[in-house]
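A closer look at the structure
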Amino acid sequence: MDKNSLYLAFRQKGLCPLCGQALIAGAEYEPDSPREWIDWFAASKKMLHKHHFVYRRDGGTDERNNLRLVHSDCHRQHHAGDGSRST
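Overview of the structure. (Residues numbered from 1 in each chain as written. Predicted model: local features only at pLDDT ≥ 70, side-chain atom pairs only at ≥ 80, totals over all residues. Heavy atoms only, no water.)

1. Some words on the nonpolar core
Inclusion rule: What is meant by a nonpolar core is a set of buried Ala, Val, Leu, Ile, Met, Phe, Trp, Tyr and Cys residues, joined one to another through side-chain atoms within 4.5 Å. For every residue, the accessible area obtained with a 1.4 Å probe (protein chains only) is divided by the maximum for its type, and the residue is called buried under 20%, exposed over 50%, and partly exposed between those limits. Under the DSSP-based scheme used, a helix requires at least four consecutive residues in state H or I and a strand at least two consecutive residues in state E, with every element numbered from the N terminus.
Within the largest apolar cluster, eleven residues are counted, these being Leu-8, Ala-9, Cys-16, Leu-23, Ile-24, Trp-40, Leu-48, Leu-67, Leu-69, Val-70 and Cys-74. Elements supplying a minimum of two residues to this core: α1 (3–11) and β2 (67–71). It is β2 that contributes the most residues to this core, three residues altogether.

Here it is as structure tokens:
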């Protein structure tokens, strides 16, 4: 998980702002070894997306203050609801 994603997760108190659920299921579990941490972060990265408050097509930027971390499924549903394919 990259530094910006960790920052966003911390800022959001570990919750997806679209559904209100924990960003990473089982996040209360702390892996026992560095290899488990690597695997845990790799698995979580596949399930999370960065979503823009103001879409790039509308002039939004990729700066932290314009991003939030969301579940990939929530992200797809959100964009399916507004007809947008932009992040």
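2. Considering the pattern of salt bridges
Oppositely charged side chains can form a pair if their charged atoms are brought close together. Keep this limit in mind: Each reported salt bridge corresponds to a side-chain nitrogen of Lys or Arg within 4 Å of a carboxyl oxygen of Asp or Glu.
Under the definition given, this model contains four salt bridges. Salt-bridge contacts for Lys-50 lead to Asp-2; the nearest nitrogen and oxygen are separated by 3.2 Å. Of this pair, Lys-50 sits in strand β1 (residues 48–52) while Asp-2 sits in the segment before α1, and the two are 48 residues apart along the sequence. Between Asp-62 and Arg-56 there is a salt bridge; the shortest N-O distance is 4.0 Å.

3. Some points on the packing of aromatic side chains
Selection rule: Stacked, tilted and edge-to-face are the three classes assigned to paired rings of Phe, Tyr and Trp, where Trp is represented by its six-membered ring and a pair needs centres within 6.5 Å; plane angles under 30 degrees give stacked, over 60 edge-to-face, the rest tilted. Only lysine NZ and arginine CZ atoms are considered, and such an atom sits over a ring when it is within 6 Å of the ring centre and within 35 degrees of the ring normal.
A full pass over the atoms with the stated rule returns zero aromatic pairs. Over the aromatic face of Tyr-7 sits the side chain of Arg-64, whose NZ or CZ is 4.1 Å from the ring centroid.

Note that every value here comes from positions in space, so none of it alone points to a role or purpose.
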